Amino acid sequence: MSVATQTTAVRTGRIGRALIVTVLIFFALFYLLPLGVMLINSLKPLPEITGGNMMALPREPTLDPWRSAWSTAQIGVQATGLKPYFLNSILMVVPAVAISTMLGALNGYVLTKWRFPGHRWVFGLLLFSCFIPFQIVLIPMARLLGLMGLAGSLPGLILVHVVYGIGFSTLYFRNYYAAFPTELVRAAMIDGAGFFRIFWRIMLPVSGPIAVVCIIWQFTNIWNDFLFGVSFAGLDAMPMTVALNNLVQSSTGVREYNVHFAAAILAALPTLLVYIVAGRYFVRGLMAGSVKG
Amino acid sequence: MSAEAMPAATSRADLRGRLQDWLPRLVLSPSVAAMLVFVYGFIAYSVFLSFTGSKMLPSYDWVGFDNYRRLFGLSAWTTALVNLGIFASLYILISIAIGLMLAIFLDQKIRAEGTLRAIYLYPMALSFIVTGTAWKWLLDPGIGIENTMHLWGWESFRFDWIKDRDMAIYTLVIAAVWQSSGFVMAMFLAGLRGIDNEILKAAQIDGASNLSLYRRIVIPMLRPAFLSAFVILAHLAIKSYDLVIALTGGGPGRATELPATFMYSYTFTRNQMGVGAASAVIMLMGVASVIVPYIYAEMRQGEDR
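Note that the structure is predicted; figures quoted are calculated from it, not measured.

**Here we look at the overall build of chain A**
A count of helical and extended segments in chain A gives 13 helices and 0 strands. Helices and strands appear in chain A in the N-to-C order α-α-α-α-α-α-α-α-α-α-α-α-α. Along the first, second and third principal axes, the C-alpha set of chain A runs to 75 × 65 × 30 Å. A burial count over chain A gives 47% of its 293 residues as buried. Partitioning the intrachain contacts of chain A with sequence separation of at least 6 by distance along the chain shows that 75% fall at a separation of at least 24.

**Quick look at the environment of Tyr-164 of chain A**
With respect to the secondary-structure elements, Tyr-164 of chain A resides in helix α7 (residues 154-178). Expressed as a C-alpha distance, the spacing of Tyr-164 of chain A and Ser-100 of chain A, which sit 64 residues apart in the sequence, is 8.7 Å.

**Quick word on the domain arrangement of chain B**
All names here are of chain B. By domain assignment, chain B separates into domain 1 (1-49) and domain 2 (67-301). Placing a centre on the C-alpha atoms of domain 1 and another on those of domain 2 gives a separation of 44 Å. In this complex, domain 1 contributes 4 residues to the contact, which on the side of domain 2 involves 6 residues.

**Digging into the UniProt feature "transmembrane region" (unreviewed entry) in chain B**
All names here are of chain B. Listed under "transmembrane region" (unreviewed entry) in the UniProt record, and renumbered for this structure, are residues 26-48, 80-106, 118-138, 167-192, 213-238 and 273-296. In residues 167-192, helix accounts for 96% and strand for 0%; the two terminal C-alpha atoms are 36 Å from one another. The annotated region residues 273-296 carries 100% helix and 0% strand content, and the separation between its end C-alpha atoms amounts to 33 Å.

**Examining the nonpolar core**
Among the nonpolar cores identified, the biggest contains 185 residues, and Ala-263 and Ala-264 of chain A together with Phe-188 and Ala-237 of chain B are the most heavily contacted of them. At 16 residues, the largest contribution of residues to this core is made by helix α7 (residues 168-193) of chain B. Once residues within four sequence positions are removed from consideration, Ala-264 of chain A is found in contact with Met-38 and Leu-244 of chain A together with Val-130, Thr-133 and Ala-134 of chain B.

**Here's the deal with the domain arrangement of chain A**
All names here are of chain A. Considered domain by domain, chain A is made up of domain 1 (14-70) and domain 2 (83-290). Each of domain 1 and domain 2 was reduced to a C-alpha centroid, and the two centroids are 32 Å apart. In this assembly, 12 residues from domain 1 lie in contact with 11 residues from domain 2. Only α1 (14-41), α2 (46-50) and α3 (64-72) provide two or more residues apiece to the side of domain 1 that touches domain 2. The element contributing the most residues to the side of domain 1 that touches domain 2 is α3, with 5 residues. Taken together, the residues that form the side of domain 1 that touches domain 2 break down as 8 nonpolar, 3 polar and 1 charged.

**Observations regarding the environment of Arg-165 of chain B**
Residues and elements named next belong to chain B. Structurally, Arg-165 is set in the loop between α6 (145-151) and α7. Considered as a pair, Arg-165 and Ser-29 are 136 residues apart in the sequence and their alpha carbons are 51 Å apart. Ignoring anything within four residues of it in the chain, the contact list for Arg-165 reads Pro-252, Gly-253 and Ala-255.

Cut-off values and rules
Residues numbered from 1 in each chain as written. Chains lettered and ligands numbered in written order. Predicted model: local features only at pLDDT ≥ 70, side-chain atom pairs only at ≥ 80, totals over all residues. Helix = DSSP H or I, 4+ residues; strand = E, 2+ residues; numbered from the N terminus. Buried ≥ 20, exposed ≤ 12 C-beta atoms within 10 Å, placed from the backbone. Contact = placed C-beta atoms within 7 Å. Domains from an automatic or database assignment. UniProt positions renumbered as here; feature names shortened; annotations may be inferred. Core = buried A, V, L, I, M, F, W, Y, C linked by C-beta atoms within 7 Å. Nonpolar A, V, L, I, M, F, W, Y, C, P; charged D, E, K, R; others polar.

Encoded structure:
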């Protein structure tokens, strides 16, 4: 929130305030409940869950469900736990975020400081591409990845995420660079600085805040993606979200709720950490995604 | 400099100058090419497939509007559309109502505002698969909220919507609202912070009550925030896929089937690619009808930037 300093001038009475605070606390509990329940129950042995109250604290706390979720739980046909899929997600997210952010910065630079006829059209088309329902590209993408020999591979998934991430990263950098004084760029041009020199020496050094916003946004989106993962990853490149879903939905054997909860928290941990560490930038990214121009 | 070297030097400078002119376009071109192929080319290909008799693999025999006729004759598709109607309208309405209320309340000089804001917003950082997993068990009558109420002594308490064909669609609304209402709150809060306090003070001097202050002045001024929230939530609702898969798998029966799950199962498990493509085209048209006017308005507004 950019202008989060000034609060309203409206005055409320004592009873009104008590009511407001009650409602606010009630909703805080509502938002915390699912995560809290998962955390508490991930520390219980299974009989305590199936035969007990989900709100009760664990009587015999144990870390076994976490160990099982990480390294021994049955996912699909293999009892590998989530570990290999966590690695897949990392190997997919890091290059995809780096490439799409870099391209977004360059695109934003061109679209604001090196305008050419039709730049508005390019931007409008990029903007619309941020919002398409991905169902419309699933069939041709599956065909193309098959033809390129990238089906069911990490490079294939990285390609997909880069391609559909460019829209948002360009949007961020374009809006940010639009506010940067063009006169400085002109002056540098007159001094003989070329296209890349201006980008490296003038634009990139001031891009810190928007780069953080963009990286967080891309990281959260790509880490949390399910549709592309389930469609294109196959068994070898399966990301965390797909593995979690397979674990939870598997119908064989006893339902190990405690393991499911631990697994869900493991899948949520990276994005949650980013949110806790850099929440301010996370919110800014969300807002920038909704307020264009 | 000798007379002969002159033309070579100018042409080299010329070349450099021309390269500088083309460099920006050259840098942009891979992204533009990727967008034209992977977004607009792929859309064209899917639209084309929706007019062919493709089954398991794409085929190129033209069948006209047959797939669309079949699509709208399928009860599974009409169910998915009705479900989307119920889900989207409640999801948008409740998220906006809760978001607006929380934003207005948080704006009243609340001491722990920062903490509360962080708590309201964190679900937005989670994957819908995680959200679905959490709510699936909370809503499960065997071990979830119903069981807890029974153990706390409220024997007659019933909350088994997730197993009930008529009510399951509302569990989808609960989980989706939980995930995104905090985000709507943040949008409204930013809108509220942008309102000039002098206007409010003037109205207070004129004797306006708090209620009428909000109804007559503040809420009308939040129009842009309402619009943004509506557009974002509507397009999220049409695209909803992960949450359904994780929470209900489309069941019980077809009670929570949405267009996105319909498209996936018809294309990839039932091998009706032509019908699947047609359903994707309808989804795209739904999203476009919300997004395109919005983008158009935003771009006109930002004309000078």
